[in-house]
Structure formats: C-alpha cells, structure tokens
Amino acid sequence: MDSPSANALPISASAGLDHIPLPGERRLALRVTPAAQHALRQGHPWLFAEAVVSQSAEGQPGDLAVIFDDSRHFLAVGLYDPTSPLRVRVLQHGTPATIDDAWLVGRLAAAAGRRAGLPQSGTTGYRLVHGENDGLPGLVVDHYAGALVLKLYTLAWIPRLPGLLAALEGIIPVRSVVLRLSRQLAARPDYLYGLSDAAVLAGEPITGPVLFEENGLRFEADVRQGQKTGFFLDQRDNRARVEKLAAGRRTLNVFAYTGGFSLYAARAGAPDILSVDASAPALEAAQRNFALNAHLATVAAARHKVLTADAFAALAGLRQRGQRFDLVIVDPPALAHRAEDAHRALRVYGHLAALALSVTAPGGVLVMSSCSSRVAAPSFFATVNRVARHKGRPLQELERTGHPIDHPIGFPEGAYLKCLFAVAP
Ligand code: SAH
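Attention in this report is confined to the structure presented alongside it. Since the model is a prediction, treat every value here as computed from it, not as a measurement.

## What to know about the site of the ligand
The environment of the ligand is formed by 15 residues, the closest being R239, D277, D310, A311 and D331. With the chains in place, 89% of the 580 Å² that the ligand exposes on its own is no longer accessible. Residues that form the shell around the ligand fall into these classes: 9 nonpolar, 2 polar and 4 charged.

Structural data, given as structure tokens:
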C-alpha cells in the first residue's frame, strides 16, 4: 500500500490527498490478554485498547500492529488506531503476511468476485466492500454506477487512501471517489490532513445526486449528504421480495427514506402507495425516484403520496382516521447502538408492530425489519409475533430473511439485518 501507481486517477487538488504522509514502515509489536489471544485465534477482527498488555512503541493511525501470543508466536496483524477503543482491526489472522499493494488488491478482488453476479440483474448500485466481513476492517466501499463512496470507520485508512484508490481503480471502472467519514472520524481534524466528510477525492466532480439502477429500477443517491452513503443498499433483496407481494395492494411504507420499497411496490402494480418519513429531503428524492421510473406503466399508474412526519405519530393518525393498507412495510433506523439498549429497542419494535398492525387490513402483509446489530434476530422475531398474538392477529409467517450477498457476515457482530414477512389475519 505505497504511493498510487502511475495510472492513478486524477487526484483533485482541493481534496488535499497529496498532503497525506505515506503510512509508516514500522510495525508495532503488541502483547495482549489471554482472552484477546483466544478471540484472535477464533478469527475475531477486533482488539480493544484494554486488552493490550504491552506494545513496542507509540503508534500513529494506520501503523501496522503485529500481535503475539504469550509464546511469542504470531497471532494477527492489523491496522492500529490510537484514537479508538477499537485499537487494532485485524487484516490477517494466523499466518504472517506482507500487507502491501498486492495484498490489498487481492482482498478487493475477492470482494468484487463475491458481487460479480449483481450487474446481471440490472443492479449497478451495491456494496463492494463490507468492512470486517470482507477482510478490510473499518472500510466500506459502496459502488453507484462508477461513483465509489469510501466510508471510513477508523483513521487508520487515512494514510492508506492513495494506495486504496490506486488498488480500486485496478478492480472496477471508477468515475469518481467520494469520502465519507464516521462521526468519530469527522471529529478528529488533527488526523485528517485537510480531508473532510463528503470530499470528492478523485475523478469527476459530484455536485448533485448520482443515478444508478437496482434490479432495473432507477434511483438517485445523494452520496455526499445522504444518510449512510446515499442509499440503503442492504435492503435490495427485501425490496425485491416486496415486489412479489405487492400487486393490487394498498401499500404503506414507513421509514421510507427515498422510496426504495415504494418503487418496487409500484412496479408490481400496487395502486396506492404512501411513503412516510421524518426527512423531507428524503421524500423529495422519493418523488424524483418515481419520476425516474415513470416510463414503466405500473409506476406511472400508481398513486404515490408522501407524508413528512414522525412515524409513530403518522401511524397513530392513520389508525385514528380509519385508513387501512394491504401491505405495510416498517424499516426503522437502528434502535440499539449499545448492548444495554437492546431491551428498550425491543419494546420500541413491539410498539411499532402494534401500530403497524392497527393499520393493516385483515389478510394484509406486514413486513418488519430491524438493522440493530445489538438486537438478536430470534428476539426480534419473537417480539413481533408476541405483539401480534396479543392484538389477536397471530401472524402467518411467510419468510424470515437476513443479509444480501453484498453484505456478507464475517463475524458475530457483523450480523445486523433481519426482516419478517407475514400475513396478518
Ligand atoms: N426503507 C428505507 C431505509 C430506511 S432508513 C429504504 O429502503 O431505503 C430509516 C429512515 O427512517 C430514514 O429515512 C430516516 O429519515 C427515517 N426516520 C428516522 N426516525 C424517524 C421517525 N421517528 N419517524 C419517521 N422517520 C424516521
């Protein structure tokens, strides 16, 4: 992972990528607690700061850290980040490796290979790199028809950005590269060398939304200012499942964002669709997404309405006015970020399920999703079912789903997405 190759992308001067010092040559040597040794032997990708027993020197973000066991045998090598409680994110377990350009290209090529089938289904927007789960910890790369969005969760990738851009360019055709920073990173300008969230690092400037396709439907993504990297790519398969169920059904899409589920319902022939979200810009994008697909007769024929409102208040209001739907999709944001929040999150899921059922017509389909990694799938499914029984609407389950192919699960904490499809009698 040295300097970019001669055929590297034109690096936009304003982004200041040329101010980034090359990653240090030095490797830190770390000794860690027995519990951490055990976790690393099992292949876990994280070493927490409190598990470090000793280290050979002070390190900078992006230094390589080699972790040894009590007999001085190699356990793992990873990216060091002194600013994070997640002190080392493991790049390679078990056998030593030279972490260089070729290593990085190998990991990226493997990640690209896992997604190779997606474009054949009319999908040009997908996650190319899913962090730890693709062996590239702390790094997400979302691909929108040639516009790459690099989302970083550790400062360790900052000194490696020039090498990463060069390696990516060898993997797929790249038009533009945008940098997105996690909140923690954006708060550390002292380590960013002038880079900032939403910076266009390379290629064509990006001033407006980026257009891409998902299963043949056209969407825009605001890759610089939008939530996540501009689109919730992880729900693609669930959206396709909704399409199979939506024909002729009055559809309610709660937490609709830019209308992903709504568009699939429309293409399937849902006559009336209501998209609810708290974000007005997201719903404006939803309306533009409908316009982008107006060449499809079913989409043009669908009556699509948007409602900018708090989801809980909106559901209560719809219930009160007696409005009923034959398909109700509920896809809230993550409700638990820490283990201690899981209980409260389950109560909120239960509340949402009750509200959703109150506007679901008899025989209607309920689709409920959770993206809280701290809420285990069995607890989530059990909660939704329990609430439905209490409401006298015991669910007839159609399907329980998990992760799509571009969001692989590489370690226990990597599993976060679960979705229930059920008929409510
Ligand atoms: N279903 C969407 C993704 C939903 S992400 C898709 O397929 O693309 C969660 C959404 O919930 C975001 O758009 C966010 O704006 C919205 N949101 C968060 N809190 C909300 C609330 N209290 N009421 C309504 N919407 C909310």
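## What to know about the packing of aromatic side chains
The description of two aromatic rings rests on the distance between their centres and on the angle between their planes. Enumeration according to the criterion identifies 9 aromatic pairs in this entry. Plain terms: the ring middles of W46 and F411 are 4.9 Å apart, the flat faces sit at 80° to each other, and that makes the pair edge-to-face. With a gap of 365 residues between them, W46 in strand β2 (residues 46-48) and F411 in the loop between β19 (396-401) and β20 (418-424) connect regions that are remote in the sequence. Members of the aromatic cluster, joined through ring pairs, are Y144, F212, F219 and F231. The positively charged end of R239 is found above the aromatic ring belonging to F261, 6.0 Å away from the centroid. R267 extends its terminal NZ or CZ atom over the ring of Y264, reaching a point 5.7 Å from the ring centre.

## As for the environment of Q225
Among the structural elements, Q225 can be located in the loop between β13 (217-221) and α5 (236-245). Considering only alpha carbons, one finds Q225 and A198, 27 residues apart in sequence, at a separation of 6.9 Å. The contacts of Q225, once residues within four sequence positions are left out, are R180 and A198.

## Some points on the side chain of R87
The residue R87 is located in strand β6 (residues 86-93) in this model. One buried charge, R87, has no salt-bridge partner; the nearest side chain with opposite charge is D81, at 6.2 Å. Polar side-chain contacts of R87 include one of 3.5 Å to the backbone oxygen of P82.

## Considerations on unusual backbone geometry
A positive phi angle is found at F255, which is not glycine, with a value near 65°. With respect to the helices, strands and loops of the structure, F255 is situated in the loop between β14 (251-254) and α6 (260-268). With a relative accessible area of 18%, F255 lands in the buried category. Positive phi, normally seen in glycine, also occurs at Y257, with a value near 50°. Mapping Y257 onto the fold places it in the loop between β14 and α6. Judged by relative accessible area, which is 9%, Y257 ranks as buried.

Rules and cut-offs
Residues numbered from 1 in each chain as written. Predicted model: local features only at pLDDT ≥ 70, side-chain atom pairs only at ≥ 80, totals over all residues. Heavy atoms only, no water. Near = heavy atom within 4 Å. Areas by Shrake-Rupley, 256 points an atom, 1.4 Å probe, with all protein chains shown as cover. Nonpolar A, V, L, I, M, F, W, Y, C, P; charged D, E, K, R; others polar. Phe/Tyr/Trp six-rings, centres within 6.5 Å; stacked < 30°, edge-to-face > 60°. Helix = DSSP H or I, 4+ residues; strand = E, 2+ residues; numbered from the N terminus. Lys NZ or Arg CZ within 6 Å of the ring centre and 35° of its normal. Contact = heavy atoms within 4.5 Å. Buried < 20%, exposed > 50% of the residue type's maximum accessible area, 1.4 Å probe, protein only. Lys, Arg positive; Asp, Glu negative; His and termini not counted. Salt bridge = Lys/Arg side-chain N within 4 Å of Asp/Glu carboxyl O. Polar contact = N/O pair within 3.5 Å; in protein donor to acceptor, adjacent residues only side chain to side chain.

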